[in-house]
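Residue-level listing of the chains:
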Amino acid sequence: VAPDNPAAAMSKLWGGRFTGKTDPIMERFNNSLDVDRVMWSADIAGSVAYATSLEAAGVLSAAEAGQIREGLGKVREEWASGAFVVKEGDEDIHTANERRLTELIGAVGGKVHTGRSRNDQVVTDLRLHLRSVCAELATELAGLVTLAAKR
């Protein structure tokens, strides 16, 4: 769904490079949330780790990093309980989580990805997610092998 309000359009990761309203076809093409929402936990885990790194580097204060970690914990609880509400403008899991974090803790939430490229975030999320899925598959496979050996 194409956003009708200018604030939503300005929040797009790539929106600053273009003028005018985005074509609805492009909106649908660019929205990956239906596919990458399965990585919500990995995205949050990666952001928590990155916020901790920013704190260690002195980019975030201890208070800011604590706010971010606490806020991300609340976002995690919402996803886990099924209470997370996807809103217009949430293009992908990263923008959805950051948008909600900022709603919960204010402007400091926008610092969660300071100095971090979108490509780094995507590949980290994908790796964390696949590591989790592979661990689950290994457990299931071990159970299947055990069952087959008993027969």
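Calculation notes
- Residues numbered from 1 in each chain as written.
- Predicted model: local features only at pLDDT ≥ 70, side-chain atom pairs only at ≥ 80, totals over all residues.
- Heavy atoms only, no water.
- Axes fitted to C-alpha atoms, helices over the stretch in contact; angles between N-to-C directions.
- Helix = DSSP H or I, 4+ residues; strand = E, 2+ residues; numbered from the N terminus.
- Left-handed = near helix turned anticlockwise from the far one by under 90°.
- Contact = heavy atoms within 4.5 Å.
- Nonpolar A, V, L, I, M, F, W, Y, C, P; charged D, E, K, R; others polar.
- Expected span 1.5 Å × (residues − 1).
- Buried < 20%, exposed > 50% of the residue type's maximum accessible area, 1.4 Å probe, protein only.
- Phe/Tyr/Trp six-rings, centres within 6.5 Å; stacked < 30°, edge-to-face > 60°.

Here we take up the packing of helix α5 (residues 62-81) against helix α6 (residues 93-105). Between α5 and α6, whose axes approach to 9 Å, the crossing angle comes to 120°. Here α5 and α6 pass one another in a crossing that is right-handed. Within the contact between the two elements, α5 uses Q67, I68, G71, L72, K74, V75, E78 and W79 and α6 uses I93, N97, R100, L101, L104 and I105. The class makeup of the residues in the contact of α5 with α6 is 8 nonpolar, 3 polar and 3 charged.

Attention shifts here to helix α7 (residues 118-150). For α7, spanning 33 residues, the distance from its first C-alpha to its last is 48 Å, which sits close to the expected 48 Å at 1.5 Å a residue. Within α7, the full set of buried residues consists of Q121, D125 and H129. Elements in contact with the buried residues of α7: α4 (40-56) and α6.

Here we take up the packing of aromatic side chains. By the definition in use, this model includes 2 aromatic pairs. Aromatic side chains W40 and W79 sit 6.1 Å apart centroid to centroid with 10° between the ring planes, which places their arrangement in the stacked category. With W40 in helix α4 and W79 in helix α5, this residue pair connects regions lying 39 residues apart in the sequence. Here W79 and F84 contribute two aromatic rings whose centre-to-centre distance is 4.1 Å and whose plane-to-plane angle is 10°, an arrangement assigned as stacked. Both residues of the pair, W79 and F84, belong to the buried class.

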